[in-house]
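Chain by chain, the residues run as shown.
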Amino acid sequence: MLSKLHQGITTQFVGQCGQSAAPVNEKTRELLESYLGFILAGTKISWDWKTFDDWLKEVEKLPLALNMATCLGHGTLRVAVMGFEDRKAAPAEMEEMKKLLREGMEAGSFGLSSGLIYPPGVYTPKEELLELAEVLRETGGLYMTHMRNESAELLSGVAETIEIGRQGGIPVQISHHKVLGKENWGLVNKSLQMVDEARKEGIDVTIDQYPYNNCSTSVRACLPPWAQAGGVQSICERLENPETRKKIAEEIRTSMDMSKPCGWESMLRHGGGPEGALVVYCPNTPQWEGKNLREIASAMNMDPVESAFEIIMKNNGNDLACYAAISDEDIKTVLAHPATMIGSDSIPPAEGAKAHPRSFGSHPRIIAKYVREENTLAIENAVQKMTALPAARFGLQQKGLIRPGMDADILIFDQQKVLDKATYEKPTELAQGMDIVLVGGKKVLDGGSYTGTASGTVIRKGR
Ligand SMILES: [Zn+2]
């Protein structure tokens with residue numbers, strides 16, 4: 001968690017984009033492991049838990065340098081009940097999902113997160129989310145979503161999210177708001193207008209955002225959704241079959257033709273082709289780390305799409321890629337919106353692994369780039385978006401402000417010196433400038449160095 005502490009983060013929300021470590025059962029555990037593959041990054045998990053409560057109890061046994069709060073992932077829920085099945089939930093399965101969500105909420109989850117571009121989220125109709133919203137309404141939970149589409153169909157994703165807020169009668173949050181692909185840049189002006197109109201109507205919609213031009217996901221995220229079905233093992237089997245492999249490759253190549261519309265979230269299209277697809281982490285083929293698919297393909301002497309397949313198969317899906325798909329103008333537009341708070345959306349790297357630089361730099365970058373350089377925000381506004389706003393949003397009544405009676409999670413820094421150091425080439429450089437970080441009144445960073453103190457706690461909603 002040094003990556004977070006050096007940014008001045010004192011409470012971390014986990015369980016985003018549909019993915020949480022619980023609930024889990026014996027029957028579908030391996031499927032969950034593959035679903036969480038690019039977070040686990042090869043880490044061996046003991047799986048000493050089944051329910052959400054069991055899992056939180058395990059985390060509570062650990063020394064924590066900062067506080068942790070969590071959402072329950074819809075994808076994890078669906079994997080536990082119906083694996084990676086591409087179909088509607090049967091009534092009994094729906095009841096089982098609702099029961100598990102209720103148990104998670106009672107154990108202290110803050111809500112339900114969804115990841116609707118990833119299997120199994122991608123197979124989920126809105127009706128299923130609305131049924132789950134009933135449980136959230138009864139238990140005071142929030143729905144946060146990696147929407148079904150963040151490119152040409154962005155606005156339909158926003159409309160669905162707002163509709164879940166309206167019909168479900170629950171607060172909703174758009175995760176890592178952005179629009180991918182040059183042809184779609186500027187659409188955030190319309191999406192923010194929709195958010196404003198919904199808020200005027202009384203629907204509780206908020207947004208979070210990370211301040212980088214590259215989005216981050218796995219290399220296999222460049223495959224069409226049908227080719228990603230069934231998890232990493234199934235993907236590798238498809239790529240081993242010459243005919244299926246050819247069909248997948250053709251679909252990806254066709255999707256890169258900007259003169260024609262494309263019906264799915266093609267990361268290679270959004271990133272502007274193989275040049276815009278940067279492989280950040282692939283431990284079994286480390287020679288390709290920090291290079292884009294065009295460079296890798298030319299070194300492998302093969303087609304860029306084929307080179308992506310090679311990386312997926314050689315690393316068994318344990319990889320990370322960044323796609324240059326977001327405009328700087330859009331970042332500033334979303335950042336300036338009053339309903340936007342900052343979230344790193346990051347996957348902390350396992351020991352020795354690499355990550356998108358946002359894991360190490362998101363919050364300092366807001367101050368260094370968007371307060372000092374670009375004047376997008378005043379410092380007070382930036383601080384509010386990183387402290388009071390998210391704390392209020394999640395109902396953390398003891399946090400987010402400095403006043404008597406509040407938890408002493410406090411940062412002392414010189415705003416002229418705060419700087420993100422992580423880059424795509426060196427993504428694990430710690431940020432600079434956070435001199436003193438207190439978690440629960442104890443110094444965790446002092447003089448910019450970790451003190452060894454672990455004064456963080458697991459925050460369960462309503463406890
Ligand atoms: Zn996401």
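Everything numeric in this text was worked out from a predicted model, so none of it was measured. (Residues numbered from 1 in each chain as written. Predicted model: local features only at pLDDT ≥ 70, side-chain atom pairs only at ≥ 80, totals over all residues.)

A.B. asks: Is there a simple way to explain the sheet that holds strand S8 (residues 214-217) in this structure?
C.D. replies: If you trace the four strands from one edge of the open sheet to the other, you get S8-S11-S9-S10, paired in antiparallel fashion. This sheet does not close on itself; its edge strands, each paired only once, are S8 and strand S10 (291-292). Pairing between S8 and strand S11 (residues 320-324): four bridges, direction antiparallel. Across the sheet, residue Thr217 finds its bridge partner in S11, namely Ala321. (Pairing = 2+ DSSP bridges. Helix = DSSP H or I, 4+ residues; strand = E, 2+ residues; numbered from the N terminus.)

A.B. asks: What is the right way to read the domain arrangement of the protein chain from this model?
C.D. replies: It is common to give the size of an interface as the accessible area that goes away when the parts come together. Domains assigned within the protein chain are domain 1 (2-212 + 327-450) and domain 2 (217-324). On a C-alpha basis, the centres of domain 1 and domain 2 stand 26 Å from each other. Of the residues lining the interface, 26 residues belong to domain 1; the matching set on domain 2 comes to 24 residues. Looking at side-chain class alone, the side of domain 1 that touches domain 2 contains 14 nonpolar, seven polar and five charged residues. (Domains from an automatic or database assignment. Contact = placed C-beta atoms within 7 Å. Nonpolar A, V, L, I, M, F, W, Y, C, P; charged D, E, K, R; others polar.)

A.B. asks: It is not clear to me how helix H8 (residues 154-168) should be interpreted in this structure. Could you clarify?
C.D. replies: For the α-helix, the turn length of 3.6 residues means that residues three or four positions removed from each other point alike. Its 15 residues give H8 an end-to-end C-alpha distance of 21 Å, which sits within 8% of 21 Å, the value for a rise of 1.5 Å per residue. If you check which residues of H8 are buried, you get Leu154, Gly157, Val158, Thr161, Ile162, Ile164, Gly165 and Gly168. All buried residues of H8 fall inside an arc of 150 degrees around its axis, so they share one side. Tucked into the core, H8 has its buried residues touching helix H7 (126-139), strand S5 (142-146), strand S6 (172-174), helix H9 (187-201) and strand S7 (205-209). Of the residues one or two after H8, Gly169 is the one with positive phi, at around 65 degrees. (Expected span 1.5 Å × (residues − 1). Buried ≥ 20, exposed ≤ 12 C-beta atoms within 10 Å, placed from the backbone. Arc of directions from axis to C-beta.)

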